[in-house]
Amino acid sequence: AWAGGSAAFAGAVNIVTKNPGSKGLSLSLSAGDFRFFRGSGNVSFSAGKISGVAGGGYVRSDGYSQNRDFKTGNFFTNVSYQPAKGHTISFSGGYQSKDFGAYSFYTPAYPWQYEQTRLFLSSLEYVLRKQRLEVRLALSTRIHYDRFELFRYESPEWYAGHNYHRNNITGVNLEAAYSWGKAGTTIAGSELRMESISSTVLGRALEKE
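A quick note: this is a predicted structure, and the numbers were derived from the prediction, not measured. (Residues numbered from 1 in each chain as written. Predicted model: local features only at pLDDT ≥ 70, side-chain atom pairs only at ≥ 80, totals over all residues. Heavy atoms only, no water.)

**Things to note about unusual backbone geometry**
1) Next: One non-glycine residue with positive phi stands out, namely S104, at about 55 degrees.
2) Next: In this structure, S104 sits in the loop between strand 7 (87–103) and strand 8 (112–130).
3) Next: Although it is not a glycine, Q131 sits at a positive phi angle of roughly 55 degrees.
4) Next: Relative to the helices and strands, Q131 resides in the loop between strand 8 and strand 9 (133–149). (Helix = DSSP H or I, 4+ residues; strand = E, 2+ residues; numbered from the N terminus.)

**What about the sheet that holds strand 6 (residues 70–84)?**
1) Next: Pairing in this open sheet of ten strands is mixed, and the strands run 3-4-5-6-7-8-9-10-11-12 from one edge to the other. Across the chains shown, the open sheet's two edge strands, defined by having one partner strand only, are strand 3 (24–32) and strand 12 (204–205).
2) Next: In this sheet, strand 4 (residues 36–47) lies alongside strand 3 in antiparallel orientation, the contact comprising nine bridges. What sits directly across from G24, in strand 4, is S44. (Pairing = 2+ DSSP bridges.)

**Comments concerning the pattern of salt bridges**
1) Next: Per the stated rule, a full pass over the model turns up ten salt bridges.
2) Next: Measuring nitrogen to oxygen at the nearest pair gives 2.4 Å for the salt bridge that ties R136 to E125. Note that R136 is positioned in strand 9 and E125 in strand 8, a separation of eleven residues in sequence.
3) Next: Residue R136 is classed as buried on the basis of its relative accessible area of 10%.
4) Next: Put simply, R129 and E134 hold a salt bridge, and the shortest N to O gap is 3.7 Å.
5) Next: Of the residues examined, R129 reaches a relative accessible area of 45% and is grouped as partly exposed.
6) Next: For E134, a relative accessible area of 24% puts it in the partly exposed group.
7) Next: Three or more residues are tied together by salt bridges with common partners; here these are R35, R60 and D62. (Salt bridge = Lys/Arg side-chain N within 4 Å of Asp/Glu carboxyl O. Buried < 20%, exposed > 50% of the residue type's maximum accessible area, 1.4 Å probe, protein only.)

**A closer look at a nonpolar patch on the surface**
1) Next: Taken together, the side chains of I50, Y81, I89, F91, L124, Y126, L137, L139, V172, L174 and L192 present a nonpolar region at the surface, about 900 Å² in accessible area.
2) Next: Listed by contribution, the elements that provide at least two residues to the nonpolar patch are strand 7, strand 8, strand 9 and strand 10 (163–179).
3) Next: The residue L137 is located in strand 9 in this model.
4) Next: On the basis of relative accessible area, L137 is assigned to the partly exposed category, the value being 38%. (Patch = residues over 30% accessible without salt bridge, like charges linked within 9 Å, V, L, I, M, F, W, Y side chains within 5 Å. Areas by Shrake-Rupley, 256 points an atom, 1.4 Å probe, with all protein chains shown as cover.)

**A few points about the side chain of S61**
1) Next: Checked against the element boundaries, S61 lands in strand 5 (residues 50–61).
2) Next: Given the relative accessible area of 6%, S61 is considered buried.
3) Next: A distance of 3.3 Å separates a polar atom in the side chain of S61 from the backbone oxygen of F34.
4) Next: One polar contact links the side chain of S61 to the main-chain amide nitrogen of G63, over a distance of 3.0 Å.
5) Next: With residues near it in sequence (within four places) discarded, S61 still touches F34, R35, F36, D69 and F70. (Polar contact = N/O pair within 3.5 Å; in protein donor to acceptor, adjacent residues only side chain to side chain. Contact = heavy atoms within 4.5 Å.)

**Concerning the environment of R35**
1) Next: Take R35: it is sitting in the loop between strand 3 and strand 4.
2) Next: Residue R35 is classed as exposed on the basis of its relative accessible area, which comes to 59%.
3) Next: Linking R35 and G63, residues 28 residues apart in sequence, is a C-alpha distance of 8.1 Å.

If you want it as structure tokens, here you go:
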């Protein structure tokens, strides 16, 4: 985990989970009222210098009242490769989709709202650990799509149409930490981050997707 220092903007904390050291498989299914269903599963693997985990899940429901239905799906994976002692290369990726009836969620004036979102995440990381020194180089990208419907069903004549948004974030991060023992740890880092917003109402113009 990395925290604090000049490399932690706004008090950010980055926690890196440990890869499993053995193989495993887990599955879960559940169901309930209002056509509720949930299913999930993940698998962990380890073979020599490569180890990782992959999994996903899906949940849906008609909701306990009108326009409170939802469905959510996600998938994730993390794979690590250790070519030599003290060297680790990791890849992480994920996808999530959400569709839900947002009854009076943003404003009670127009209760029949609906929203769809899609999220893509990926990162490639190299970590060097040598005695008291640890160096981390990471490349990452995040793409988020959002479709917001103020009127899910019938809409008035003045309604111009649904709102579409796409946010792109790409970054390169370099951090180094040196432990002085009981005297503490020194952390230094730099980051290059590029962000953009394309939308039918904000940022750069975006055609309907």
